[in-house]
2 protein chains.
Amino acid sequence: MSEASLQAQAGPLISYEPMGVRAHARPGETLLDCARRSKIRIASSCGGHGRCMTCTVQVTDGEVPEPSAADLEAFSGRRIAEGWRRSCQAAASASCTVHVPARSTAAPVRTQVDSAGLPVALDPAVRALDFQLAPASLEDCRPDDRRLLEELRRRHGDLGPLHFDLDAARGLPAALRRNDWRGRAVLRGSEIVAVAGPDARLLGLAVDLGTTNISGLLVDLESGTTLAATGLENPQTSYGSDLISYASLIRRKPEKAALLQQLAIDALNSLSTDLCDAVGLKASDIAEMTVAGNTMMHHLLLGLPVRDLASSPFIPALSAAHDVEARDLGVEIAPGGVIHLLPNIAGFVGGDHVAALLATIGQADGPVITMDIGTNTELSLIRGDEIISVSCPSGPAFEGGNISCGMRAAVGAIESVRVTSHGVRIKTIEDAPAVGICGSGVLDVLAQMYQSGVIDKRGRMQEGHPRVREGRFGRELVLADEGETGGPAVVFTQDDVRAVQLAKAAIRAGCDHLLSLAGLSENDLDKVLIAGAFGSYIDVASAITAGLLPDLPFNRFAQVGNAAGEGARQVLLSRERREEAGCIALRARYAELASSKAFLPAFSKRIGFAELRHLKTSAQITGK
Amino acid sequence: MSEASLQAQAGPLISYEPMGVRAHARPGETLLDCARRSKIRIASSCGGHGRCMTCTVQVTDGEVPEPSAADLEAFSGRRIAEGWRRSCQAAASASCTVHVPARSTAAPVRTQVDSAGLPVALDPAVRALDFQLAPASLEDCRPDDRRLLEELRRRHGDLGPLHFDLDAARGLPAALRRNDWRGRAVLRGSEIVAVAGPDARLLGLAVDLGTTNISGLLVDLESGTTLAATGLENPQTSYGSDLISYASLIRRKPEKAALLQQLAIDALNSLSTDLCDAVGLKASDIAEMTVAGNTMMHHLLLGLPVRDLASSPFIPALSAAHDVEARDLGVEIAPGGVIHLLPNIAGFVGGDHVAALLATIGQADGPVITMDIGTNTELSLIRGDEIISVSCPSGPAFEGGNISCGMRAAVGAIESVRVTSHGVRIKTIEDAPAVGICGSGVLDVLAQMYQSGVIDKRGRMQEGHPRVREGRFGRELVLADEGETGGPAVVFTQDDVRAVQLAKAAIRAGCDHLLSLAGLSENDLDKVLIAGAFGSYIDVASAITAGLLPDLPFNRFAQVGNAAGEGARQVLLSRERREEAGCIALRARYAELASSKAFLPAFSKRIGFAELRHLKTSAQITGK
């Protein structure tokens, strides 16, 4: 084919700003598809189905795509005229320049990597044994494996039957001769998983594989010290923000499962490389990795089929803890290194929740509810040995999804809000000009609107507040107007209020359901533990005011941070904790809300707002 | 690139007959290289280094390649003029027709697949458990793995902790739903390696992975019955016929290791498919495979490095028995099916010898020598719990290699010979016109030449016999002349005599060495067990006459057939036998001949011929 015909076949040239990336679109692609293919991340809470606004972009130059019927509904005439489109709805059929606003970029600043770091008795599944061998010769021509095993037994006592991982055996001759017959044998149970040099470290990596964010802790398995911690956005995010959107994607395009798996694997490799680089160590010294993820992430990472997980009755293929050779997935750690995946409880209650339970269990004597709020919210009630778990489809509202000006917790996101009778005060991340509103802000604004009378007990927006105006889609509260933002206004609409009401009602009804199954009332709860990234940033008072959390004294709540990551760390450091995680998963009784007659009435009851005791304590700009 | 330029770039066209295969040679290729690339097997005992004659071909049409200096030495002027060349020495630089004589094709008719088939208490490493599950529903949404495990425990009692192989888990949802929630779980230890349909068979495959031939037994692991047996030539053979030629190949071209590995894997796949097809079963029902191979085959199959195995002091990377997931090698059996490789003793005493020892041990009360004669000959002396093993570099003479008219045991091969004072009588395989001489014939001819006085006690060929003539390379015994063969004569030269003398002396000196290490004399031996394909076809009387075997009464010898294959069958059927194989390998003390001062004198002593008691019993055309 000639150069000229190649040129003629190339599609329209799309320039994405401010990234400065140019790409030729392929026939039939949308602006979102083309961006994904070009490695530009644009948030897409609904997975590119035109059901949210998170992928909004502005075409600032070149040929502006015709607005779709859905976009004509979604945007005002002015914004349509200004070139605003949802990138999933706009065809990339002509060359143009696309401005991706900060609100739509998928690069959060708040990836939670901290963990409680509770002391754990050090007893990891891997250990390193030092050796120094006699060199091979014609007089002593023992095979390499036997020479090493005999010396290990001589030096370290009875080790029981041992065998070599195949890749460790493949590397054995070179490792022995390169290091002058000295080194360290890395054992995992009865298997030698690596033969390293005499100065090698014994490292482990604990990973919280979340739908939105992935965080990792690099740990020295001989001292128990955390050497480095980091987080990154889950690169799968640009294909959807919740389990249902992944499931729907894979139902339509089964071949995407392999792509999503590869993205997760790439992320694990990035994580291990970044962490090791940061402290000057090698990823090949990571002897074991533990991963706590929800059931969908777990299945995608392992390449398990998700068809039955993705549709009712939502059955996982595999729930038990699973060890997989890292190389079988293409994760580059020690030759025979293993990835330990924590067990799942049910289709919507995964290893991340088991890890959170493991990290938090035993913090109170009486009944406890542990919750991890996300697009899917897992709740467990723990009373003695009893664990009952439910899962609520809370939707992406608390992650800024399905909210007209919603965004991830990035620079310029409104993170807290105070509404008084005469105005609105906002606090943005890094005090930048407001570009949208993130989860904690969404919860605040709902609580504040109710408290200040902007919405009534049923959530209807009232006239008369100076910042309430009639927008294209009905009433909206202006959080920052065009003058304040230097761009489009950031507003909170009646539809946004409804979306948050549905989310908080689902979670609260889940609590109600758990309590009713256990025969308890809210006041019987000793503790409510709020785990996870969103849970760490919310204002508990706002959450009570909004009706997300039960109306209990503040001292009964604890925001426990990244409990899933802490659980992953514990099972990395301790085989006893790993056993315990398995017991928790087996002990937990999963109650399916969809099959419960009582759930829908409870949900309806929780959509509105209640009189509360705590109004006076909330509504502060917290300065976080 | 234009069609014309492609045509111009194509190399000379080589037509191989009688196969009828045409191939364009690449720059620098020899006729042997081009044949290999075109999947034509030409024997090549020395691995293509011009050190033997096994790859001889005749260029019958087109441009005859210039003879190399080495070929001018190797062939008579007449044969050079007739177009005879060694295919490893002739450049494929011009289009021509190449006739590959039967002697040079690498398709043996004698692949030994029989085995003693001794009764073994059935206790295989895998077993199948039947199940019938309640279907999943919203009311009973247990994960698939837990549903199955709970039912297995309910139906089959305490099974201890069980976990799923990842591929078995990947197939689980479909397997359950396809078979209406009924089926069979295949367990290997604590691992579920497959979930099959309710009518699935539980099969195993025992493989003797020889340098020359590969044989397999397909076994029903629930009844212990052998369902089918077959053998095929090891496709690696066209790259060499012994360990040293492989080692030398890989030292020069390390990338060939992957090719040799792939050839072995392809052969295992052919074997399992052929065997299953023959009895109408599926290779995916093979739950386990056992493989007995020499250390080089073992290392090549597993992709272990062979650099240190290939040069002194010949150290294996791995000697212990090893289980590898079949899929890690690309061998297609049950999803989580495992290949069990028998343990090795040393660089030149591999799992095939361990298998032979396992199959034969305990057949006598007193001391026993078990030997497997091949290009490398392994010998073990067993006395009570004591096992001493040596390995002799006997060379390919007994497989027809490095013998001027040597060939594999194929149609037309001279398999037995009688030499009288007035002539020669031969017996060929399938009574076809003689094209060459195979191993048993080689041994016969040596014994007969000595017995009839054609060679003296030192192996020098004498004048005066009517079939002895002066050939280009000195004296030769004509076994079949041009008139009898309808082609080139089949002769046995002075150099051939020397080659066989070296081979038999190496083996016999190995025996001497073993006896001396144990402080025994030949007459102390209760039994001499001769295992392997060559050993099955030799005339024991000839072997004694030639000095290959000690001069003991016939009833102390036993030709035990494919003992390696029988050992592989036993470890497939019985975990206790598998344990025993491991004990044998650990118990065996390997004595390196190269480091022994006593070996070379013993070897020199055994090169000549001795007065014998048994001359009268040999020299019969056995009619085999």
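For every chain, the first residue of its written sequence is number 1, and the numbers climb from 1 along that sequence. As they are written, the chains are lettered A onward and the ligands numbered 1 onward, keeping that order. Given that this is a predicted model, residues contribute local features only at a pLDDT of at least 70 and side-chain atom pairs are listed and counted only at 80 or more, while totals for whole chains, interfaces and linings are drawn from all residues.

Remarks on the overall build of chain A
Right, on to step 1. By the criteria applied, helices consist of DSSP H or I runs no shorter than four residues and strands consist of E runs no shorter than two, each listed in order from the N terminus. Helix and strand counts for chain A come out as 20 helices and 27 strands.
Right, on to step 2. It is over C-alpha atoms that the radius of gyration is taken, and the globule rule equals 2.2 Å times the number of residues to the power 0.38. Over its C-alpha atoms chain A spans a radius of gyration of 27 Å, differing by no more than 12% from the 25 Å that the globule rule assigns to 624 residues.
Right, on to step 3. A principal-axis box enclosing the C-alpha atoms of chain A has dimensions of 95 × 75 × 45 Å.

Some thoughts on the pairing of strand S22 (residues 468–471) of chain A
Residues and elements named next belong to chain A.
Right, on to step 1. Paired strands, as defined in this entry, are two strands with at least two bridges between them according to DSSP. Across four bridges, S22 lies against strand S23 (residues 474–480) in antiparallel orientation. Looking at S23, one finds that Glu470 is bridged to Arg475.
Right, on to step 2. From the end of S22 to the start of S23, which pair antiparallel, there are two residues.

What about the interface of chain B and chain A?
Right, on to step 1. What counts as a contact here is a pair of residues whose C-beta atoms, placed from the backbone, lie within 7 Å. Contacts between chain B and chain A engage 40 residues on the former and 39 residues on the latter.
Right, on to step 2. Of all the secondary structure elements, the ones that give two or more residues to the side of chain B that touches chain A are helix H5 (144–156), strand S7 (163–164), helix H6 (166–178) and helix H10 (307–310) of chain B.
Right, on to step 3. Tallying contributions element by element places H6 of chain B first for the side of chain B that touches chain A, with six residues.
Right, on to step 4. When grouped by side-chain class, the residues that make up the side of chain B that touches chain A number 23 nonpolar, eight polar and nine charged. Each residue is assigned to one of three groups, with Ala, Val, Leu, Ile, Met, Phe, Trp, Tyr, Cys and Pro labelled nonpolar, Asp, Glu, Lys and Arg labelled charged, and all others, Gly among them, labelled polar.

Thoughts on the relation of the copies chain B and chain A
Right, on to step 1. The superposition of copies rests on a least-squares fit of C-alpha positions from residues with pLDDT of 70 or more in both. Under the fitted operation, chain B is carried onto chain A by 0.1 Å of movement along the axis and a turn of 180°, and the coordinates agree to an RMSD of 0.1 Å. Taken together, the rotation angle and the small translation identify this as a two-fold axis. The rotation axis passes nearest to the C-alpha of Asp328 of chain B in chain B, at a distance of 4.3 Å.
Right, on to step 2. Of the residues that chain B buries at the interface, 98% are likewise interface residues in chain A, meaning the two copies contact each other through the same surface.

Points about the sheet that holds strand S18 (residues 386–392) of chain A
In a beta sheet, neighbouring strands are held together by backbone hydrogen bonds and run either parallel or antiparallel to one another.
Residue and element names in this part refer to chain A.
Right, on to step 1. Read from one edge of the open sheet, six strands run S26-S25-S16-S17-S18-S27, paired in mixed fashion. A strand with exactly one partner marks an edge of an open sheet, and here the two such strands are strand S26 (557–561) and strand S27 (588–590). On average, adjacent strands in this sheet sit at an angle of 20° to one another, irrespective of strand direction.
Right, on to step 2. Pairing geometry for strand S25 (residues 527–531) and S26, over four bridges, is parallel. From the neighbouring strand, Ile530 faces S26, where its bridge partner is Gln559.
Right, on to step 3. Axes, fitted as lines to C-alpha atoms, cover a helix only where it is in contact. Angles between the N-to-C directions of the axes lie from 0 to 180 degrees. Together, strand S16 (368–372), strand S17 (377–383), S18, S25 and S26 form the strand contacts of helix H12 (residues 351–360), whose direction differs from that of S16 by roughly 140°.
Right, on to step 4. Against the sheet, helix H15 (residues 494–518) makes contact with S16, S17 and S18, and its axis sits at roughly 155° relative to S18, the strand it touches most.

Focus on unusual backbone geometry
Right, on to step 1. In this model, Glu17 of chain A is joined to Pro18 of chain A through a cis peptide bond whose omega is 5°.
Right, on to step 2. The residue Pro18 of chain A is located in the loop between strand S1 (13–17) and strand S2 (21–24) in this model.
Right, on to step 3. The step from Ser312 of chain B to Pro313 of chain B runs through a cis peptide bond, and the omega angle for that step is 5°.
Right, on to step 4. Its identity as a non-glycine residue notwithstanding, Asp431 of chain A has a phi of 50°, on the positive side.

Topic: the sheet that holds strand S6 (residues 126–132) of chain B
Residues and elements named next belong to chain B.
Right, on to step 1. On the basis of which strands lie adjacent, the open sheet formed by four strands has the order S6-S8-S9-S7 and mixed pairing. Unpaired on one side and paired on the other, S6 and S7 mark the two borders of the sheet.
Right, on to step 2. Pairing of S7 with strand S9 (residues 191–196) involves two bridges; the strand directions are parallel. Looking across to S9, one finds that Phe164 is bridged to Ile192.

Points about helix H19 (residues 575–587) of chain B
Right, on to step 1. One fewer than the residue count of a helix, multiplied by 1.5 Å, yields its expected span. Taking 1.5 Å per residue, 13 residues should reach 18 Å; H19 of chain B reaches 18 Å between its end C-alpha atoms and fits that length.
Right, on to step 2. Taken together, the buried residues of H19 of chain B touch helix H12 (351–360), strand S18 (386–392), helix H18 (563–573) and strand S27 (588–590) of chain B.

Overview of the packing of H12 of chain A against helix H18 (residues 563–573) of chain A
Residue and element names in this part refer to chain A.
Right, on to step 1. Relative orientation of the contacting elements H12 and H18 amounts to 80°, with a least axis distance of 7 Å. Looking at the two axes, H12 sits roughly perpendicular to H18. Here Asp352, Val354, Ala355, Ala356, Leu358, Ala359 and Thr360 of H12 come into contact with H18, specifically with Ala563, Ala564, Glu566, Gly567, Ala568 and Gln570.
Right, on to step 2. Residue composition of the contact of H12 with H18, grouped by class: eight nonpolar, three polar and two charged. The scheme is simple: roughly parallel for angles under 35 degrees, roughly antiparallel for over 145, roughly perpendicular for 65 to 115, oblique for anything else.

Side note on the nonpolar core
Right, on to step 1. What makes a nonpolar core is a set of buried Ala, Val, Leu, Ile, Met, Phe, Trp, Tyr and Cys residues, with links drawn between C-beta atoms within 7 Å. Exposed residues have 12 or fewer other C-beta atoms within 10 Å of their own C-beta, buried residues have 20 or more, and partly exposed residues fall in between, where C-beta atoms are placed from the backbone. In this structure, Ile437 and Leu479 of chain A together with Ile437 and Leu479 of chain B are the most contacted members of the largest nonpolar core, which totals 355 residues.
Right, on to step 2. Among residues more than four places away in sequence, those in contact with Leu479 of chain B are Ile414, Val417, Val424, Ile426, Ala434, Ile437, Val445, Val490, Val491 and Phe492 of chain B.

Some remarks on the domain arrangement of chain A
Right, on to step 1. Domain boundaries assigned for chain A yield domain 1 (3–104), domain 2 (126–196), domain 3 (203–341), domain 4 (351–396 + 501–617) and domain 5 (399–496).
Right, on to step 2. If you average the C-alpha positions of domain 1 of chain A and of domain 2 of chain A, the two centres end up 57 Å apart. Residue ranges for the domains originate in an automatic or database domain assignment.

Quick notes on the environment of His156 of chain A
Right, on to step 1. Here His156 of chain A is to be found in helix H5 (residues 144–156).
Right, on to step 2. His156 of chain A gets classed as partly exposed once you count the C-beta atoms within 10 Å, which come to 14.

What to know about the pairing of strand S13 (residues 286–293) of chain A
Residue and element names in this part refer to chain A.
Right, on to step 1. Most of S13 sits inside the fold, with eight of its eight residues counted as buried.
Right, on to step 2. Where strand S10 (residues 203–209) lies against S13, seven bridges are found, and the strand directions are parallel. When the sheet's bridge partners are listed, Gly204 is paired in S13 with Glu288.
Right, on to step 3. In terms of strand pairing, S13 meets strand S15 (residues 338–341) through four bridges, oriented parallel. Along S15, the bridge assignment pairs Thr290 with His340.

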